[in-house]
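Here is how the chains run, residue by residue.
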There are 2 protein chains.
Amino acid sequence: MHAAVRELQAEQGRGDLTIPQIAARAGVTPSTLYRRWGDLQELLSDVAVERLRPEAPPADHGNLRADLEHWAAAFLEEMSSPPGRSYIRDALAGDPDGSNSGQCSAYAVDQVDTILSRAAERGEHVPDTDTVMDHVVAPVMYRILFRPGLLDPQYARDLVATVLYRLMPLP
Amino acid sequence: MHAAVRELQAEQGRGDLTIPQIAARAGVTPSTLYRRWGDLQELLSDVAVERLRPEAPPADHGNLRADLEHWAAAFLEEMSSPPGRSYIRDALAGDPDGSNSGQCSAYAVDQVDTILSRAAERGEHVPDTDTVMDHVVAPVMYRILFRPGLLDPQYARDLVATVLYRLMPLP
C-alpha cells in the first residue's frame with residue numbers, strides 16, 4: 001500500500017490521488033482500503049509518518065556540540081525540503097487521534113536521546129531531552145510550518161549554541 | 001461565507017461539511033465557491049485563519065514579565081482548546097502557498113511586538129521579537145501539534161521566564 005502511494009506520488013505529484021487509483025496500483029479493492037483507513041487523508045498520513053521515520057541513528061562526530069549541530073542542520077534541511085513539508089502536512093492532516101503527529105515527535109525524541117546518551121557516556125555535561133525539543137526542534141518546526149522565509153542551516157546551529165551555552169544547568 | 005461555515009460547524013461538527021451545503025446555507029451557487037476557492041480545504045483554511053485573528057491587543061499588566069506571562073498562558077489555552085486545534089489544522093491543511101500559516105505567525109508577531117514596544121516605552125529592558133517567537137510561541141505550538149500530552153499554562157510561564165532570565169542580551 002505504502003509502495004503504491006509512493007509510486008503514484010512520484011509519478012503525478014500528490015494533488016490528485018484517489019483511493020480507487022491507489023487500490024488499483026496495489027492490486028486490492030477500494031473497499032479493502034476503506035476498511036483499513038477511513039479516508040484518503042488518513043491513508044496519506046500513515047504513509048507520511050512512515051517516510052518521516054529516520055533511516056539511521058545520528059552520526060557520531062566525537063562531541064556533543066558537533067553531533068547536535070550536524071543533526072539539527074540535517075533535520076532542518078530534510079523537514080524543510082518540499083517532500084519533507086508535504087509529509088509533515090499529510091501527517092498532521094489525516095490524524096484524528098493525534099497518534100501520527102505524536103509519532104513524528106517521538107522520532108525526534110529518540111534521535112536526540114541517542115545523541116545525549118552518547119555524550120553522557122563520553123563524560124560530557126548534557127542538557128535534558130526536552131530542552132533540546134523545546135529550544136531546537138520546536139523553533140525549527142515552527143518556522144517550517146509558519147515562517148518559511150526564515151530558514152537556513154545556520155539557524156539550526158545557532159539554536160544548538162543557545163541550548164549549550166545559555167540553557168544548560170550548571171554541572 | 002465565513003458565517004455559513006461557522007454555523008454549519010457549530011451545528012454538525014467539522015467532519016462532514018461539503019461545498020454544496022455551505023453554498024446552500026450562504027445562498028449562493030456551489031460554482032461561486034469553486035471559483036473563489038479551489039476546494040473545501042482551502043475554504044476551511046481561510047475561515048480558520050479569520051477565527052485565529054486576535055480580538056484585542058494583549059492586556060497591560062504594568063510590566064513586561066506579567067504581560068508576557070498572561071499573554072503566553074492565554075495563547076496556550078486558546079490554541080490548545082479543541083476549536084483552537086481544529087483551526088490550526090484547518091489553516092495548515094488548505095494552504096497551498098503558505099499564506100494562511102504565515103498569517104497565523106504574523107498575528108503572534110503583532111501581539112508580541114505590542115507587548116515589547118509597550119515595555120520599552122516604560123523603560124524596561126526587552127528581548128527581541130524573534131527570541132520570544134522562537135522560545136515561547138514555537139515550543140507552545142510544537143507541543144500543541146506534536147506532543148499534546150505535555151501542555152499546561154505553567155509551561156507557557158516557564159518559557160517566558162527562560163527568555164527573560166536566560167536568553168536576554170545584557171542591557
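Scoring rules and cut-offs
- Residues numbered from 1 in each chain as written.
- Chains lettered and ligands numbered in written order.
- Predicted model: local features only at pLDDT ≥ 70, side-chain atom pairs only at ≥ 80, totals over all residues.
- Heavy atoms only, no water.
- Least-squares fit on C-alpha atoms with pLDDT ≥ 70 in both.
- Contact = heavy atoms within 4.5 Å.
- Core = buried A, V, L, I, M, F, W, Y, C linked by side-chain atoms within 4.5 Å.
- Buried < 20%, exposed > 50% of the residue type's maximum accessible area, 1.4 Å probe, protein only.
- Phe/Tyr/Trp six-rings, centres within 6.5 Å; stacked < 30°, edge-to-face > 60°.
- Lys NZ or Arg CZ within 6 Å of the ring centre and 35° of its normal.
- Buried area = accessible area lost by both parts, 1.4 Å probe.
- Salt bridge = Lys/Arg side-chain N within 4 Å of Asp/Glu carboxyl O.
- Polar contact = N/O pair within 3.5 Å; in protein donor to acceptor, adjacent residues only side chain to side chain.
- Helix = DSSP H or I, 4+ residues; strand = E, 2+ residues; numbered from the N terminus.
- Nonpolar A, V, L, I, M, F, W, Y, C, P; charged D, E, K, R; others polar.
- UniProt positions renumbered as here; feature names shortened; annotations may be inferred.

Section: the relation of the copies chain B and chain A
Next, step 1: At an RMSD of 0.0 Å, chain B and chain A line up after a rotation of 180 degrees and a shift of 0.0 Å along the axis. Within this description, the copies of the chain are treated as partners about a two-fold rotation axis.
Next, step 2: Interface residue correspondence from chain B to chain A reaches 100%, placing this contact among same-surface, isologous pairings.

So, the nonpolar core
Next, step 1: Within the largest apolar cluster, 84 residues are counted, with the highest numbers of intra-cluster contacts made by A:Ile88, A:Met141, A:Phe146, B:Ile88, B:Met141 and B:Phe146.
Next, step 2: With residues up to four places along the chain from it excluded, the contact list for A:Phe146 reads B:Ile88, B:Leu92, B:Ser101, B:Gly102, B:Cys104, B:Ser105, B:Met141 and B:Leu145.

Some details on the packing of aromatic side chains
In this description, an aromatic ring pair is defined by two values, namely the gap between the centres and the angle between the planes.
Residue and element names in this part refer to chain A.
Next, step 1: Enumeration according to the criterion identifies 4 aromatic pairs over all chains in this entry.
Next, step 2: One residue, Arg-36, lies across the ring of Trp-37, its end atom 4.5 Å from the ring centre.
Next, step 3: For the cation-ring pair, Arg-143 lies above Tyr-155, with the distance from its terminal atom to the ring centre recorded as 3.9 Å.

Digging into the interface of chain B and chain A
Interface size, as often reported, equals the accessible area lost upon joining of the parts.
Next, step 1: Tallying the contact residues gives 32 residues for chain B and 32 residues for chain A.
Next, step 2: Carbon and sulfur atoms supply 55% of the area that chain B and chain A bury against each other, a total of about 2700 Å² over both sides.
Next, step 3: Summed over the three residues of chain B that lose the most area to chain A, namely B:Tyr142, B:Phe146 and B:Arg166, the buried surface amounts to 24% of that side.
Next, step 4: Counting every contact that joins chain B to chain A gives 6 salt bridges.
Next, step 5: The closest approach of N and O atoms between A:Arg143 and B:Asp134, which form a salt bridge, is 3.3 Å.
Next, step 6: Counting across the chain B and chain A interface gives 18 residue pairs in polar contact (both at pLDDT 80 or more).
Next, step 7: Of all the secondary structure elements, the ones that give two or more residues to the side of chain B that touches chain A are helix 6 (82-93), helix 7 (99-121), helix 8 (129-146) and helix 9 (153-166) of chain B.
Next, step 8: Looking at the side of chain B that touches chain A element by element, the count peaks at 12 residues for helix 8 of chain B.
Next, step 9: Looking at the side of chain B that touches chain A, its residues break down into 19 nonpolar, 6 polar and 7 charged.

Comments concerning the UniProt feature "DNA-binding region" (unreviewed entry) in chain A
Next, step 1: Mapped onto the present numbering, the UniProt feature "DNA-binding region" (unreviewed entry) falls on residues 18-37 of chain A.
Next, step 2: Here residues 18-37 of chain A runs as 75% helix and 0% strand, with 13 Å between its end C-alpha atoms.

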